[in-house]
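Coordinate analysis (summary)
Chain residues, written in single-letter form:
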Amino acid sequence: MGLLSAFQLMVKRDLLLAFRRRAEIINPLIFFLLVATLFPLGITPERKVLALIAPGVIWVAALLAVMLSLDQLFKHDYDDGSLNLLVLSPVPLFWLVLAKVLVHWLVTGALLLLLVPILSLMLHLPEAAWWPMLASLLLGTPLLSLIGAIGAALTVGLKKGGVLLSLLVLPLNIPVLIFGSGAVIAATQALPYAAQLLWLAVLLVLGITLAPFAIAAGLRISVSE
Amino acid sequence: MNWTWFHRLGSPKWFFEQSSKWLPWLAWASIGLLVTGVVWGLAFAPPDYLQGNSYRIIFIHVPSAFLAQACYVTMAIAGAVGLIWKMKLADMAAKCCAPIGASFTILALLTGAIWGKPTWGTWWEWDARLTSMLILLFLYLGFIALENAIDNVQTAAKACAVLALVGLVNIPIIKYSVEWWNTLHQPATLKLTEKPSMAPEMLIPLLVCIAGFYCFFLVVFLYRLRNEILWRERRTQWVRLWMKRFQ
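Only a predicted model underlies this, so the values are computations on that prediction, with no experimental measurement involved. (Residues numbered from 1 in each chain as written. Chains lettered and ligands numbered in written order. Predicted model: local features only at pLDDT ≥ 70, side-chain atom pairs only at ≥ 80, totals over all residues. Heavy atoms only, no water.)

1. Details of the overall build of chain B
Helix and strand counts for chain B stand at nine helices and zero strands. Counting helices and strands in the order they occur from the N terminus, chain B gives α-α-α-α-α-α-α-α-α. Per-residue burial over chain B gives 48% buried out of 247 residues. Within chain B, contacts between residues separated by at least 24 positions form 75% of all contacts whose residues are at least 6 apart in sequence. When the accessible area of chain B is evaluated, it comes to approximately 13200 Å², of which 67% is carbon and sulfur surface. (Helix = DSSP H or I, 4+ residues; strand = E, 2+ residues; numbered from the N terminus. Buried < 20%, exposed > 50% of the residue type's maximum accessible area, 1.4 Å probe, protein only. Contact = heavy atoms within 4.5 Å. Areas by Shrake-Rupley, 256 points an atom, 1.4 Å probe, with all protein chains shown as cover.)

Right under this line is the structure:
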């Protein structure tokens, strides 16, 4: 089988499986809205303060929502044994893993982007910062999926991997958060924000090229257990 | 190329026997260097023209920050060696590095906070160098947690090695954070490629302290590693014979 058709098949299969388990797609989205709603209730509903904290709140909520969905990324395949077959298949594992991460991003990160305008409105994010917000999330959320998949691959065989997964992945996500919210904060202050977005792009290129190998290595270790 | 010498180096038995010869030398060297460096630094080095006596904490702070990073790199290299050549000793070395590195990171953060209060007027600031050191601590804790979560020793070692290698991206961020971002933390005091900006009366005791910290790290590391070797090889003949001497 050609590499490209294997990739397409993998994407199709995972998308189909994702739509069969709709609750798993919808839950992170609700979680995203809920977490962001807690901040006005917990800090203050005042417009000025909200505009100030909105970039960070939206970014942190997105990060946590992606985190929440990671636990299931390889779990079903591990439980029903199809992960073993993927590892044994003649198609390189890092390639298949890249397809899986792409689907994960499509059903979490990309869907979150659709909710961002609503949240930006509710949190009074200045209009000048809307495009930077979307651009930073567009570059940043695939990275969250890629980095998170490394942690998910390493912990998939463990019974109580959930908290451990956050412990492994959150520190690695911090640079993404810093550059992502940094770009939006700069935009709200009418400062140039291209540098932060370019840094995110650099990290994304690095992540796409290197992370699949780490994910594949992690899966091999978890499967051989 | 013939790799047998490399694999002999990785034999736990050979290493255990050899390291007992190195340990006393290293222990005396670390005591000697640390006492000399600390006494010299704290009592005899001149006070700083700007910071007075409070700068003296660098004799603890700088070496521990050095070691915190060096320890992580050592851990990642040992993990890579374990993954590639499947050497048991390298797996054990990576595992033994983690708690020591975490301790040095905590020491660096604490001494930094103690120095920061009189100098910057704050215990903690969300500055690039400080934050990246805190991330380093989290990386160490994640490594230790993963090691503890997986029961199978070999699987744990492999998984941890992958994690350590992934976390390696943080090291250049810490290293260059003071140059890339103009924040509160001052630029690096010591550089290999440039002439040091410090006066020699302060620089020499600092270098002695760093050497002492490195020796101290090696002593603690070897003790942990030897302990780990004895535990993992407890069913072999040579460990049983060795243990008999103490009964």
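2. Digging into helix H6 (residues 153-167) of chain B
All names here are of chain B. Taking 1.5 Å per residue, 15 residues should reach 21 Å; H6 reaches 21 Å between its end C-alpha atoms and fits that length. Burial analysis of H6 places eleven of its 15 residues in the buried class, which makes it a mostly covered element. Of all the positions in H6, only Thr155, Ala156, Ala157, Ala159, Cys160, Ala161, Val162, Leu163, Ala164, Val166 and Gly167 are classed as buried. Measuring from the side-chain oxygen of the N-cap residue of H6 to the backbone nitrogen of Gln154 gives 2.9 Å; that N-cap residue is Asn152. (Expected span 1.5 Å × (residues − 1). Polar contact = N/O pair within 3.5 Å; in protein donor to acceptor, adjacent residues only side chain to side chain.)

3. Some details on the packing of aromatic side chains
Residue and element names in this part refer to chain B. Scanning the entire structure with this criterion turns up eleven aromatic pairs over all chains. With 6.0 Å between their ring centres and 45° between their planes, Phe104 and Phe213 make a pair best called tilted. With Phe104 in helix H4 (residues 88-120) and Phe213 in helix H8 (residues 200-232), the pair connects residues that are 109 residues apart, well separated along the chain. The burial state of Phe104 is the same as that of Phe213; both residues are buried. In this structure, Arg226 is placed above the aromatic ring of Phe16, and the distance from its NZ or CZ to the ring centre is 4.2 Å. Here Arg234 stacks its cationic end above the ring of Trp231, 3.9 Å away from the centre of that ring. (Phe/Tyr/Trp six-rings, centres within 6.5 Å; stacked < 30°, edge-to-face > 60°. Lys NZ or Arg CZ within 6 Å of the ring centre and 35° of its normal.)

4. Structural notes on a positive patch on the surface
All names here are of chain B. A cluster of basic residues, Arg234, Arg235, Arg240 and Lys244, forms a positive patch on the protein surface. Inspection of the secondary structure puts Lys244 in helix H9 (residues 237-244). A relative accessible area of 56% means that Lys244 is categorised as exposed. (Patch = residues over 30% accessible without salt bridge, like charges linked within 9 Å, V, L, I, M, F, W, Y side chains within 5 Å. Salt bridge = Lys/Arg side-chain N within 4 Å of Asp/Glu carboxyl O. Lys, Arg positive; Asp, Glu negative; His and termini not counted. Charge placed at Lys NZ, Arg CZ, Asp CG, Glu CD.)

5. As for the state of the cysteines
When the sulfur atoms of two cysteines share a covalent bond, that bond is a disulfide. Residues and elements named next belong to chain B. Applying the stated criterion across every chain, the model contains zero disulfides over all chains. You can see Cys215 has no disulfide; the closest cysteine sulfur is in Cys209, sitting 12 Å from it. The exposure class assigned to Cys215 is buried, which follows from its relative accessible area of 13%. (Disulfide = S-S within 2.5 Å.)

6. Focus: the side chain of Ser145(A)
Residue and element names in this part refer to chain A. Looking at the secondary structure, you find Ser145 in helix H8 (residues 130-155). Of the residues examined, Ser145 reaches a relative accessible area of 1% and is grouped as buried. Here Ser145 is in contact with Val66, Leu70, Val101, His104, Trp105 and Thr108, once residues within four sequence places are set aside.

7. Here's the deal with the environment of Ser166(A)
When you line up the elements, Ser166(A) lands in helix H9 (residues 162-188). Separated by 32 residues in the primary sequence, Ser166(A) and Leu198(A) have C-alpha atoms spaced 26 Å apart.

8. Focus on the packing of helix H3 (residues 58-85) of chain B against H8(B)
Residues and elements named next belong to chain B. Following both chains from N to C, one finds H3 and H8 inclined at 45°, their axes separated by 9 Å at the closest point. Here H8 runs oblique to H3, going by the angle between their axes. Considering only the axes of H3 and H8, their crossing is right-handed. On the side of H3, the interface is formed by Ile58, Phe59, Ile60, Val62, Pro63, Ser64, Phe66, Leu67, Ala70 and Cys71, while H8 contributes Met202, Pro205, Leu206, Cys209, Ile210, Phe213, Tyr214 and Phe217. Classifying every residue of the contact of H3 with H8 by side-chain character gives 17 nonpolar, one polar and no charged. (Axes fitted to C-alpha atoms, helices over the stretch in contact; angles between N-to-C directions. Parallel < 35°, antiparallel > 145°, perpendicular 65-115°, else oblique. Left-handed = near helix turned anticlockwise from the far one by under 90°. Nonpolar A, V, L, I, M, F, W, Y, C, P; charged D, E, K, R; others polar.)

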